[in-house]
Amino acid sequence: MTSTTRLTVAQALVRFLSAQYTERDGVRQRLIGATWGIFGHGNVAGIGQALIEYGDVMPYHQGRNEQSMVHAAVGYARQSNRLSTHAVTTSIGPGATNLVTGAALATINHLPVLLLPGDIFATRPADPVLQQLEVPYAGDVSVNDCLRPVSKYFDRITRPEALIPSALNAMRVLTDPVETGAVTLALPQDVQAEAYDWPDDFFAARTWVVRRPGADPTELAEAVRAIRSARRPLVIAGGGVHHSRAEEALAEFAEVTRIPVASTQAGKGSLRFDHPQDVGGVGHTGTATADELARTADLVIGVGTRYTDFTTASGTLFTGEGVRFLNLNIAPFDGHKLAGMPLIADARTGLEELTERLEMHDHRVADPYVAEYTEDKDRWEHRVDACYEADEPDVRPTQPQVLGALDAIVDESDVIINAAGSLPGDLHKLWRARSRDQYHLEYGYSCMGYEIPAAIGVKLAAPDRPVWALVGDGTYLMMPTEIVTAVQEGVAIKVLLVQNHGYASIGGLSEETGAERFGTAYRFRAADGTFTGAPLPVDLAANAASLGMRVLRAKTVRDLREALAEARAADTPTCVYVETETADTVSGPPPAHAWWDVPVAETATRPSAVKARELYERHVSTRRRHL
């Protein structure tokens, strides 16, 4: 007879989660490392009580905002190579719907996170209850259904025994390198507290093996033939290189073949910046070197990339005569993009198989091609130097000079986190990534507010490394609240807060598209009703200090260098605040070397929009569909 243990649904779930493990390459670790939670009537007596009951096996972190808690869990998961993540529990109503943005970010970026929102009563003793959405045509719908389209797996646990198959399915999806993303188990508040006799086997330790599938022999042979016949091949390294820990395999492939390697935002750092074959970021925010190689490539080898519009310059970048695509990807959906030859395999395994076969043929690209991209890369590095240099150390820095000051003090152990604003473009072009995981840029969803909570998650996963959250004033104002969490738990993140009085990135885009920077500056209203008055007297440094963070103010380049060095050495949460030029001036980096499609008004009376439309139509005419 099967032995059982009587527990509530919430207790059973917490105990189950504490016994789940992943294993890859012989290394085993906890799948759910901790649980974040903000409590309300929908989860306080269920999951909240269970976390107290099993506090010895399930660590708990207190959050301030439900979206932020998801970001922290996602940061932890990415730093843990998707082999470990956190769970997030919320009450019903606004606590649950606040998860939606974080869930979308996780799923779009293929990063695992387990969401446990409270839900309305399954037994419906009173209807409606506090915070319940009434849907006249469906009695089984709650606000948690908002999470369905942004979750890779969703279930509502309306009976205790339903938890068993659902929890197992949740773990399967979280650990599947193709399917992983946000997983949601909606938990009605009455069911959470309901007791059941659980089979003890449900709580036995389980190890979920994260597989490394190899390539199909036919696809592999076709891939080798395509590479051997190409004169100007180019690798596009995406986030899948990092998820697979394929950096060393990519370096060996590049060294054997001498094929240059460009990188997406998610893939940057796949090779060190000083690797001979690394040519920097590609696409709208890429380097001149990588973008020119992309325009003239006859074979584009995508490794773990989704080919977003920033990478392809909205379909205008890969314009070489007869250009073909070879897509090494663990997901068939991505492997077939751009009518490419699919090579469906784990990135590391696939690269190793390609390298072995190409080495057998002693295949290397021609010397003139190597000389061409080497010289172009050297020229680009001089441009980066010029952007970073500050001849007058006692003046206010430009944004690239801020990055230059940070670049001068970090080493391969530092992790740099960013997600939105003008910084992603500057970082993709200019940052010199020194290690495989130094460059942590969330650009699948480009979510303002991600950086600070994600830094906490990264620091929890890598406590011995300096972790920097780079935020502009727009992003900071979206979600600074997890500073309180960092202070409370002694998580010594470093926040580099750049004040430029507005949405600098969108301000520039607005100007380019004929919208004249409308609504993008943080300024008082002028007499004509526009926001063109004096900058707002908002003191973000004082705000960070009020949340408990140590703040170092830097007014000049010299101040900034000293403050960054002091912050890097700090063992408490520390913020470096620096003001750069305002949002209605350029930030100083090289301009974009590839287009991005943001549609412009087809008809307008204002000259700026008319001119922008003319330029837009010229760019659109260069778009190419790869069939």
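Residues numbered from 1 in each chain as written. Predicted model: local features only at pLDDT ≥ 70, side-chain atom pairs only at ≥ 80, totals over all residues. Heavy atoms only, no water.

## Remarks on a nonpolar patch on the surface
And step 1. On the surface, a cluster of nonpolar side chains totalling about 240 Å² of accessible area is made up of F39, V44 and Y60.
And step 2. By the element assignment, Y60 lies in strand β5 (residues 60-62).
And step 3. For Y60, a relative accessible area of 32% gives the class partly exposed. (Patch = residues over 30% accessible without salt bridge, like charges linked within 9 Å, V, L, I, M, F, W, Y side chains within 5 Å. Areas by Shrake-Rupley, 256 points an atom, 1.4 Å probe, with all protein chains shown as cover. Salt bridge = Lys/Arg side-chain N within 4 Å of Asp/Glu carboxyl O. Helix = DSSP H or I, 4+ residues; strand = E, 2+ residues; numbered from the N terminus. Buried < 20%, exposed > 50% of the residue type's maximum accessible area, 1.4 Å probe, protein only.)

## Some points on the environment of V44
And step 1. Relative to the assigned elements, V44 resides in helix α2 (residues 44-53).
And step 2. Setting aside chain neighbours within four positions, we find V44 in contact with F39 and Q49. (Contact = heavy atoms within 4.5 Å.)

## Some points on helix α1 (residues 9-17)
And step 1. The buried fraction of α1 amounts to eight of the nine residues, a majority that puts the element mostly inside the structure.
And step 2. Of the residues making up α1, those classed as buried are V9, A10, Q11, A12, L13, V14, F16 and L17.

## Observations concerning the side chain of H243
And step 1. Looking at the element boundaries, H243 is found in helix α9 (residues 239-243).
And step 2. The class for H243 is buried, based on a relative accessible area of 16%.
And step 3. If near-sequence neighbours (up to four positions away) are discounted, H243 is found in contact with R24, N81, R82, N109, H110 and L111.

## Observations concerning the pattern of salt bridges
And step 1. One pass over the structure, following the stated rule, counts 36 salt bridges.
And step 2. Across the salt bridge formed by D176 and R211, the nearest N and O atoms sit 3.3 Å from each other. Of this pair, D176 sits in the loop between α6 (163-174) and β9 (182-188) while R211 sits in the loop between β11 (206-209) and α8 (217-229), and the two are 35 residues apart along the sequence.
And step 3. You can call R211 partly exposed: its relative accessible area is 43%.
And step 4. For R396, the salt bridge is made with E579, and the minimal N-O distance between the two is 3.5 Å. Taken together, the positions of R396 in the loop between α15 (367-388) and α16 (399-407) and E579 in strand β23 (residues 574-579) put the pair 183 residues apart, joining distant regions of the chain.
And step 5. When salt bridges that share partners are traced, they join D25, R212, D346, R348 and E352 into one network.

## A word on the nonpolar core
Where a protein is soluble and globular, its nonpolar side chains tend to be buried together.
And step 1. Membership of the largest hydrophobic core comes to 52 residues, with the highest contact counts inside it found for I227, F253 and I301.
And step 2. With sequence-adjacent residues up to four places away left out, I227 is seen in contact with F253, I259, L299, I301, L326, L354, L358 and H363.
And step 3. Ranked by size, the runner-up nonpolar core spans 47 residues in total, among them L105, I493, L540 and A544. (Core = buried A, V, L, I, M, F, W, Y, C linked by side-chain atoms within 4.5 Å.)

## Observations regarding unusual backbone geometry
And step 1. The omega torsion of the bond from D127 to P128 falls at 10°, within 30 degrees of zero and hence cis.
And step 2. Its place among the elements puts P128 in the loop between β7 (113-119) and β8 (153-156).
And step 3. With a phi close to 50°, R124 is a non-glycine residue in the positive phi region.
And step 4. Residue placement: R124 occurs in the loop between β7 and β8.
And step 5. In this structure, R258 takes a positive phi of about 65° despite not being glycine.
And step 6. Relative to the elements of secondary structure, R258 occurs in the loop between α10 (247-257) and β13 (261-263).
And step 7. What makes R258 buried here is its relative accessible area of 15%.

## Digging into the sheet that holds strand β3 (residues 27-30)
And step 1. Across the sheet, which stays open at both edges, the three strands sit in the order β3-β2-β11 with mixed pairing between neighbours. Each end of this open sheet is capped by a strand with a single partner; those strands are β3 and β11. When strand polarity is set aside, the average angle formed by the axes of neighbouring strands in this sheet is 30°.
And step 2. Examined bridge by bridge, strand β2 (residues 20-24) and β3 share four bridges and lie antiparallel to one another. Directly across from T22, in β3, lies its bridge partner Q29. (Pairing = 2+ DSSP bridges. Axes fitted to C-alpha atoms, helices over the stretch in contact; angles between N-to-C directions.)

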